[in-house]
Amino acid sequence: MNRTLLPGRPYPLGATVSSKGTNFAIFSQDATRVDLCLFDAEGKQTDCIALRERTAFVWHGFVRHIKPGQLYGYRIEGPWEPEKGHRFNYNKLLVDPYAKAISGKVDWKAPIFPYDVASGDDLKMDTQDSAEGVPKSVVVDPRFNWDDDCPPETPLADSVIYEVHVKGFSMRNPAVPEKIRGTYAGLAHASSIEYFEKLGVTAVELLPVHHFIDDGHLIEKGLVNYWGYNTLGYFAPMSRYSSSGDGGEQVNEFKNMVKAFHAAGIEVILDVVYNHTCEGNHMGPMLSWKGICNSTYYRSVQDNPRYYMDYTGTGNTLNVRNPQVLKMLMDSLRYWVTEIHVDGFRFDLAATLARELHDVSRLSSFFDTIHQDPTLADVKLIAEPWDVGDGGYQVGQFPVLWAEWNGKYRDTIRRFWKGDPGQLSDFGNRLTGSSDLYQFDGRKPYASINFLTAHDGFTLCDLVSYNEKHNEANQDDNKDGANDNDSWNMGVEVLLTTKR
C-alpha cells in the first residue's frame, strides 16, 4: 500500500496523532536506516516505510491517514558488532520506546533473539523475521474527558499508602463484577474504593503497571510474571489489566481509574522500574532498545562492551548517564503526571539510577534533572534506596525532596516485636522519625516511609506464621524471595506447612 510520507517533526518522540495523520519519531544515534512497519489487526505486516528525515539522531516522518488504533513497529539497520556494543538487526521487529499502548504478547518460540540460538553464539547474527513473536506498538488518541478532576494533594506527613497489585486485589472479590475483576476497572469499582476509604487510605501505590512481559523460563513452567518488574514500555499501561481490550482502550480505562480515585480523595502512586528492562543480558531477546541503539540505552562493561553492567540482578542496567536515556525517563514521568494525572512515583532500586561511574552519587544527573523539573515539583518521589551493586544500600542518603522506603524501620520493628535483644534504642529512633537518618540533610521525618511489609518478602500473615519461607508453589526450589525475614512462627510452623 502506498502511503503519503511527509518530513514530519523530530519532537515529540513516539507516535503523535492529528486530524490528518500521525507523526512518528524515534531516536537512534548509530542507525543507518529506520523503517516504520504497519500491521493490520491480525498482526500481518501491511506496509514498511523508510523514514528519510534525521534530525539530531531522531528519525522522523509524518504519515497521512494513520489513525488511532493503528499497530506499528520498527526495523532498524546499523552495525552488527556485538563485541563493540552494537547489535543492530533489521530482521527483528522493535517496539517503540515511546509507545503509549502495546498490543499482544511475546512468543518465546519465535525467533526473537538477535543471535543464532542454536549455536549459542551471541556474536553470530540471526536472520529470521521476529515480527510474529513481538508485541506491536499502538497509535493512541490522547483525548479524554477529565471533567473537573483535581489531585487530592495529600501532604506526605498525612499519607497512608496502600501498596496494591491491580490484578490480585479484585480477582476473588464477589462484590466486583466478574467481568472486570483483576483489571483497572475492578480496582476503581465502587466496592473497591469503599474498602480503601474504610481503611483510611489516602493513596494507592500500584505495583508495576508499565507494560511488561512474561519471562521465557516462567512460560516454560506454565507460570507468568505476576509482579511486573520486567518493563517493555515506559509510557504504556499494562494491557493485561484492561477489561476493554489492548488496542489503546487500556489507556482510557487507566485514566478512568485515576479519575475515580481522585473523586474519592485518594491519590495514585506508581511503582516504576527505570533501572532495567525486559531484554536481559547479551543472551537475552531483542524487543526494543537493544535493537534501536544498544550502546545508548544500556550500560556496558567499559573494556568489553559485548557484556552488560548488572546492578539490578536482571542482566542489564539502563544507561541513565546518557542524555537520551535520561530524557526518556523524564518524558515518561512527565507523561504520567500531565496526561494520566498520577500523583507520585516509587522508584524501584533507585540507587541504580544515581550511579555515575560505579558509585551512587547524590550529585548524579538523574537527581539534578528531576529537581529542576517544575512538572515534578509537586508530586511524591519515593525511593527504594538500594540496589544489588557494591555500596548499593543507601537508606538515609537520598537528597532533599525525596522520601525513602525506610528498610531500617521495617527490620527494627520486626526484631523488636519478636523479642530480639538490644533493639530498644534503635526502636526509639525508628518510632520517632529516624532523626539519625533524616534530621541533618534538610528533610523532615515524613521523608521516612515507614512500613512493616511490602511485596518483597513476607506478608503480615507470614511474619507471624513462619520462621522460614515456603515458596514451593513458584517451582523455583524455594530459592526466590529473601531468606531473612525477621519472622516468628509462634511455634506452629510445622502444623501450618502440613495443612498446606
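Look up a bit, the structure's there.
Along each chain, the written sequence defines residue order, and numbers are assigned to residues from 1. With pLDDT at 70 or above as the cut-off, local features in this predicted model cover only qualifying residues; side-chain atom pairs require 80 or more to be listed or tallied, and sums for whole chains, interfaces and linings still use all residues. Water and hydrogen atoms play no part in the side-chain values, which are based on all heavy atoms of the structure.

1. Thoughts on the pattern of salt bridges
Thought 1: Within this document, salt bridges are pairs made up of a side-chain nitrogen of Lys or Arg and a carboxyl oxygen of Asp or Glu, the two lying within 4 Å of each other. Taken as a whole, this structure holds 23 salt bridges when the rule is applied.
Thought 2: In this structure, Asp129 engages Arg75 in a salt bridge whose closest nitrogen and oxygen atoms are separated by 3.1 Å. You can see Asp129 sitting in the loop between strand E13 (121-125) and strand E14 (136-138) and its partner Arg75 sitting in strand E8 (residues 71-77), a full 54 residues away along the chain.
Thought 3: For Asp129, a relative accessible area of 45% puts it in the partly exposed group.
Thought 4: Arg143 is the salt-bridge partner of Asp141, the closest N and O atoms lying 2.7 Å from each other.
Thought 5: For each residue, the accessible area found with a 1.4 Å probe, counting protein chains only, is set against the maximum for its type, and the residue is called buried under 20%, exposed over 50%, and partly exposed in between. Assessed through its relative accessible area of 23%, Asp141 is described here as partly exposed.
Thought 6: A single network of salt bridges, built from pairs that share partners, joins Asp271, Arg346, Asp348 and Glu384. Helix numbers and strand numbers start at the N terminus; a helix is a DSSP run of H or I with at least 4 residues, a strand a run of E with at least 2.

2. Some points on the packing of helix H6 (residues 289-297) against helix H7 (residues 323-338)
Thought 1: With axes taken as lines fitted to C-alpha atoms, and helix axes fitted only over the stretch in contact, angles between N-to-C directions fall between 0 and 180 degrees. Two elements in contact, H6 and H7, have axes separated by 9 Å at closest approach and are oriented at 120°. Between H6 and H7, the angle is such that the two are oblique. Between H6 and H7, the residues in contact are Trp289, Thr296 and Tyr297 and Gln324, Val325 and Met328, respectively.
Thought 2: The class makeup of the residues in the contact of H6 with H7 is 4 nonpolar, 2 polar and no charged. Working definition: roughly parallel below 35 degrees, roughly antiparallel above 145 degrees, roughly perpendicular at 65 to 115 degrees, and oblique for all remaining angles. By definition, residues are in contact when any of their heavy atoms lie within 4.5 Å. For this classification, Asp, Glu, Lys and Arg are treated as charged, while Ala, Val, Leu, Ile, Met, Phe, Trp, Tyr, Cys and Pro are nonpolar and the rest, including Gly, are polar.

3. Let's talk about the nonpolar core
Thought 1: Throughout, nonpolar core names a set of buried Ala, Val, Leu, Ile, Met, Phe, Trp, Tyr and Cys residues whose side chains join them through atoms within 4.5 Å. Formed by 110 residues in total, the largest nonpolar core has its most connected members in Tyr74, Leu206, Phe254, Leu270, Met328, Phe345 and Phe347.
Thought 2: For Leu270, the residues in contact, after removing those within four places along its chain, are Leu206, Val209, Phe254, Trp336, Val342, Gly344, Phe345 and Arg346.
Thought 3: In this structure, Ile269, Val395, Tyr438 and Phe451 belong to the second largest nonpolar core, which totals 14 residues.

4. Here we look at the packing of aromatic side chains
Thought 1: Each Phe, Tyr or Trp ring, with Trp reduced to its six-membered ring, pairs with another whose centre is within 6.5 Å; inter-plane angles below 30 degrees give stacked pairs, above 60 give edge-to-face pairs, and intermediate values give tilted ones. Applying the stated rule across the entire model yields 36 aromatic pairs.
Thought 2: Summarising the aromatic geometry, the rings of Phe144 and Trp146 are spaced 4.8 Å apart at their centres and angled 70° between planes, so their arrangement reads as edge-to-face.
Thought 3: You can call Trp146 buried: its relative accessible area is 13%.
Thought 4: Seen in terms of ring centroids, Tyr184 and Tyr241 are 5.9 Å apart; in terms of plane orientation they differ by 90°. Their pairing is edge-to-face. With a gap of 57 residues between them, Tyr184 in helix H2 (residues 184-187) and Tyr241 in the loop between strand E18 (231-237) and helix H5 (249-263) connect regions that are remote in the sequence.
Thought 5: According to the relative accessible area criterion, Tyr184 is buried, its value standing at 0%.
Thought 6: Here a set of aromatic residues connected by ring pairs shows up, and it is made of Tyr234, Tyr274, Trp289, Phe345, Phe347, Phe366, Phe367, Phe398 and Trp402.
Thought 7: Sitting over the face of the ring of Phe39, Lys136 holds its NZ or CZ atom 5.2 Å from the ring centroid. Working rule: Lys NZ or Arg CZ, within 6 Å of ring centre, within 35 degrees of ring normal, means a charge sits over the ring.

5. As for the environment of Asp411
Thought 1: Relative to the helices and strands, Asp411 resides in helix H10 (residues 407-417).
Thought 2: Looking at Asp411, the relative accessible area reads 18%, which means it is buried.
Thought 3: When the C-alpha atoms of Asp411 and Met330 are compared, they prove to be 33 Å apart, with 81 residues separating the residues in sequence.

6. Overview of the packing of H10 against helix H11 (residues 424-431)
Thought 1: For the pair H10 and H11, interaxial distance at closest approach is 9 Å and the crossing angle is 130°. Of the possible angle classes, the one that applies to H10 and H11 is oblique. The two elements H10 and H11 cross, and the hand of that crossing is left-handed. Along its contact with H10, which presents Lys408, Tyr409, Thr412, Ile413 and Phe416, the element H11 presents Leu424, Asp426, Phe427, Arg430 and Leu431.
Thought 2: Its residues placed into classes, the contact of H10 with H11 shows 6 nonpolar, 1 polar and 3 charged. By definition, any crossing whose near helix is turned counterclockwise from its far helix by less than a right angle is left-handed, and any crossing with a clockwise turn is right-handed.

7. Points about the side chain of His60
Thought 1: Looking at the secondary structure, you find His60 in strand E7 (residues 58-64).
Thought 2: A polar contact is formed between the side chain of His60 and the side chain of Thr55, at a distance of 2.8 Å.
Thought 3: The residues contacting His60, other than those within four sequence positions of it, are Pro7, Gly8, Arg9, Pro10, Phe24, Ala25, Leu51, Glu53, Arg54 and Thr55. Nitrogen and oxygen atoms within 3.5 Å of one another constitute a polar contact, given that in protein one can donate a hydrogen and the other can accept it, and given that sequence-neighbouring residues count only through two side-chain atoms.

8. Comments concerning the sheet that holds E14
Thought 1: Pairing between strands is defined by DSSP: at least two bridges between the two strands are required. On the basis of which strands lie adjacent, the open sheet formed by 5 strands has the order E5-E4-E8-E14-E11 and antiparallel pairing. Every other strand in the sheet has two partners, leaving strand E5 (45-50) and strand E11 (101-103) as the edge strands with one partner each. Sheet twist, expressed as the mean angle between neighbouring strand axes with direction ignored, is 35°.
Thought 2: Pairing of E8 with E14, which is carried by 2 bridges, proceeds in the antiparallel orientation. Following the sheet pairing, Leu71 is matched in E14 by Val138.

9. So, the side chain of Asp271
Thought 1: Following the sequence through the fold, Asp271 ends up in strand E19 (residues 267-272).
Thought 2: Residue classification places Asp271 among the buried residues on the basis of a relative accessible area of 2%.
Thought 3: Dropping the residues within four chain positions of it, Asp271 is found in contact with Glu163, Leu206, Leu207, Pro208, Tyr229, Arg346, Asp348 and His455.

10. A closer look at the pairing of strand E23 (residues 380-383)
Thought 1: Every second residue of E23 is oriented toward a common face, with Lys380 and Ile382 on one face and Leu381 and Ala383 on the other, all of them buried.
Thought 2: Pairing geometry for strand E22 (residues 344-347) and E23, over 4 bridges, is parallel. Looking at the pairing, Phe345 lines up with Leu381 of E23.
Thought 3: Pairing of E23 with strand E24 (residues 403-405), which is carried by 2 bridges, proceeds in the parallel orientation. Bridge pairing in E24 links Ala383 to Glu404.

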